[in-house]
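Here is how the chains run, residue by residue.
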Amino acid sequence: MADTTPNPAPLEVKDTNPLLTEPEFVSPSLTPHPPKGRRAAAAFIFFTVTLDMLAMGMIAPVLPRLIEGFLHGDTYSAARMLGLFGTVFAAMQFFFSPIVGSLSDRYGRRPLVLLSNFGLGLDYLLMAWAPALNWLFLGRVISGLTSSSIPTAMAYMADVTPRERRAAAFGMLNAAFGAGFVLGPAVGGLLGNINPRLPFWAAGGLSLVNGLYGLFVLPESLSKENRSPFSWARANPIGSLTLLRHGSMIAIATILLLGYIAQQVLMNVYVIYADYRYGWSDRTVGFSLAAVGICTIVYGGFLVKPVVAKLGERRTMTFGLIGGALGYSMIGLSKTGLLLWLGIPFLNLMTFTWPAAQSILSRMTSPSEQGQLQGAINSLRGIAGLLGPGFFTYIFSVSISSGVHIPGTPFYTAAALLLISLALAQSAARTQAMQT
């Protein structure tokens, strides 16, 4: 009998390279049963992520300057301390994200999302009040513990979205990230010019209001029959990562890890780099980060779906890596800031990589393990956060204090990590060709 299943690209089906072919669907014993108001629930998660990112984005332009103020304007020491802040935040993410993911598989997504919102709100207020650097540091530790709404939101979206549409759904969540960062850094920069603590007060208020809103309107997405028992063997960071060892998942996980490490240069060096190299104000830094957010909205909200449909999830992921490497290189090369602005649209092509990779992994995972999967993915972010902040801030501090003055070195390093990911893909392709 002839195969009547539509398939415009039969050659891709024959290609068994684990980095280039589309993943097979898992065959779980359980079928997801999303809530009746699936569209409304997905919309609420979109706005929840937007507000969370808005709050986080508001403090991005002012946190380095606040640290620098506590250290009496010592940029070198501030860069080192900023790296420590980022490392501790990532450590908390690494250890607690898989626990939160497994708890959401056991008790549902709703309570974890709400607890995160209230916890972050109270933590931002603590950081706004902080009278000394050690109090600010404590606030960063707590924020690493409580900022679990993003992986839980990803699991929520997987619950309410058909498998074949998850790349587009995750792309919309990336657009939510961008929407928050469009307004967040810009508002944070403006408020920071008034008082560097004001963005923290505003961020705390937004998180608490968001939590109160969700308390009344957010439905549960994970049905009781699709829940799994909580297990410390799966909830610890190492145990959660074992989920990513099956088949080609390890290759995707490695590419994600390298990409997350490269992303740390933006989170931990960008603001102080722009201040040092270009003398930008909080306002200018905020607007440049807002430009990053605009690109994320456009790519994630409008282009991920058609690009994935045209190229497939694997090639879309590779396309994003190429753009990211080019964008980081342009930022490092920029001497006046102009090339940095031109590099932002290229850098943000990484927006295609994240949803494509997450969709691939999600499609390989059963409904009862989506929380564990998102916890494992966030553990990869945690590992990147453990390695990246100290690594990149150290590179930056050395690059501006040594005899060879190359302040763009951290961004060249980030580009090199993405090129290693591409080399990994090419190596896998050659290995597969030799085997066939």
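Residues numbered from 1 in each chain as written. Predicted model: local features only at pLDDT ≥ 70, side-chain atom pairs only at ≥ 80, totals over all residues. Heavy atoms only, no water.

The helix and strand inventory of the chain stands at 19 helices and 0 strands. The buried share of the chain, taken over its 436 residues, is 57%. Across the chain, the fraction of contacts at a sequence separation of at least 24, relative to all contacts at a separation of at least 6, is 84%. When the accessible area of the chain is evaluated, it comes to approximately 17,900 Å², of which 69% is carbon and sulfur surface. (Helix = DSSP H or I, 4+ residues; strand = E, 2+ residues; numbered from the N terminus. Buried < 20%, exposed > 50% of the residue type's maximum accessible area, 1.4 Å probe, protein only. Contact = heavy atoms within 4.5 Å. Areas by Shrake-Rupley, 256 points an atom, 1.4 Å probe, with all protein chains shown as cover.)

Glancing now at the pattern of salt bridges. Across all of its chains, the model carries 4 salt bridges by this definition. For D105, the salt bridge is made with R109, and the minimal N-O distance between the two is 2.8 Å. With a relative accessible area of 0%, D105 lands in the buried category. R109 gets classed as buried once you look at its relative accessible area, which sits at 0%. Between R109 and D159 there is a salt bridge whose closest N-O contact spans 2.7 Å. Here D159 lies in helix 7 (residues 149–160) and R109 lies in the loop between helix 4 (75–107) and helix 5 (110–129), a separation of 50 residues in the sequence. The residues R109 and D159 share a single accessibility class, namely buried. Bridged by salt links that share partners, the residues D105, R109 and D159 form one connected network. (Salt bridge = Lys/Arg side-chain N within 4 Å of Asp/Glu carboxyl O.)

Counted under the stated rule, the structure contains 14 aromatic pairs. Measuring from ring centre to ring centre gives 5.9 Å for Y276 and F396, while their planes differ by 90 degrees; the resulting arrangement is edge-to-face. With Y276 in helix 13 (residues 270–278) and F396 in helix 18 (residues 370–401), this pair connects stretches of sequence that are 120 residues apart. Residue classification places Y276 among the partly exposed residues on the basis of a relative accessible area of 35%. The lysine or arginine in question, R106, covers the ring of Y107, its NZ or CZ lying 4.8 Å from the ring centre. (Phe/Tyr/Trp six-rings, centres within 6.5 Å; stacked < 30°, edge-to-face > 60°. Lys NZ or Arg CZ within 6 Å of the ring centre and 35° of its normal.)

Moving on: the packing of helix 14 (residues 282–311) against helix 16 (residues 338–347). One can describe the packing of helix 14 onto helix 16 by two numbers: an axis separation of 9 Å at closest approach and a directional angle of 25 degrees. Considered as vectors, helix 14 and helix 16 are oriented roughly parallel to each other. Seen along the crossing, helix 14 lies across helix 16 with a hand that is right-handed. Across the interface between the two elements, F287, S288, A291, V292, C295 and Y299 of helix 14 pack against W341, I344 and P345 of helix 16. (Axes fitted to C-alpha atoms, helices over the stretch in contact; angles between N-to-C directions. Parallel < 35°, antiparallel > 145°, perpendicular 65-115°, else oblique. Left-handed = near helix turned anticlockwise from the far one by under 90°.)

Turning our attention to a nonpolar patch on the surface. Residues L212, Y213, L215, F216 and V217 make up a contiguous nonpolar surface patch of about 530 Å² in total accessible area. Mapped onto the fold, L212 is located in helix 9 (residues 198–217). Residue L212 is classed as partly exposed on the basis of its relative accessible area, which comes to 45%. (Patch = residues over 30% accessible without salt bridge, like charges linked within 9 Å, V, L, I, M, F, W, Y side chains within 5 Å.)

Our next topic: the packing of helix 3 (residues 63–70) against helix 6 (residues 133–146). Close contact between helix 3 and helix 6 brings their axes to 10 Å; oriented N to C, the two are set at 150 degrees. Compared by their axis directions, helix 3 and helix 6 come out roughly antiparallel. In this structure, helix 3 uses L63, L66, I67 and F70 to contact helix 6, whose residues at the interface are L133, L136 and R140. Residues belonging to the contact of helix 3 with helix 6 are distributed by class as follows: 6 nonpolar, no polar and 1 charged. (Nonpolar A, V, L, I, M, F, W, Y, C, P; charged D, E, K, R; others polar.)

Under the 1.5 Å per step criterion, the end-to-end length of helix 12 (residues 249–268) is 28 Å for 20 residues, consistent within 8% with the ideal 28 Å. Among the 20 residues in helix 12, 14 count as buried, and that is most of the element. (Expected span 1.5 Å × (residues − 1).)

Relative to the helices and strands, E68 is located in helix 3. Although buried, E68 forms no salt bridge, and the nearest oppositely charged side chain, R65, lies 5.2 Å from it. Apart from residues lying up to four places away in sequence, E68 is in contact with G73, D74, T75, A78 and D275. (Lys, Arg positive; Asp, Glu negative; His and termini not counted.)

The subject of this paragraph is the nonpolar core. By size, the foremost hydrophobic cluster in this structure holds 66 residues, and its most contacted members are L244, Y270, Y273, Y328, L340, L361 and F411. Per-element accounting of this core gives the leading share, 10 residues, to helix 12. Residue contacts for L244: discarding those within four places in its chain leaves M249, I250, A253, L361, L373, A376 and L380. By size, the runner-up hydrophobic cluster in this structure holds 20 residues, among which are I45, V49, V160 and L218. (Core = buried A, V, L, I, M, F, W, Y, C linked by side-chain atoms within 4.5 Å.)

Take the confidence of the model for the chain next. Mean pLDDT over the chain stands at 80; residues scoring 70 or higher make up 86%. No element of the chain has a lower mean pLDDT than helix 1 (residues 10–14), at 39, and none a higher one than helix 16, at 95. The low-confidence segment residues 1–35, where pLDDT is below 50, has 67 contacts with residues more than four positions distant or belonging to other chains. (pLDDT = per-residue confidence, 0-100.)

Moving on to the environment of R363. Of note, R363 is situated in helix 17 (residues 353–363). For the pair R363 and A167, spaced 196 residues apart in sequence, the C-alpha separation works out to 9.7 Å.

A residue is classified by how much of its surface remains accessible, and E68, at 12% relative accessible area, is buried. On a C-alpha basis, the gap between E68 and A78 in space is 5.1 Å, while along the polypeptide they are 10 residues apart.

Positionally, T254 belongs in helix 12. Since its relative accessible area comes to 32%, T254 is described here as partly exposed. Through-space distance from the C-alpha of T254 to that of S421 is 7.9 Å; in sequence the pair is 167 residues apart.

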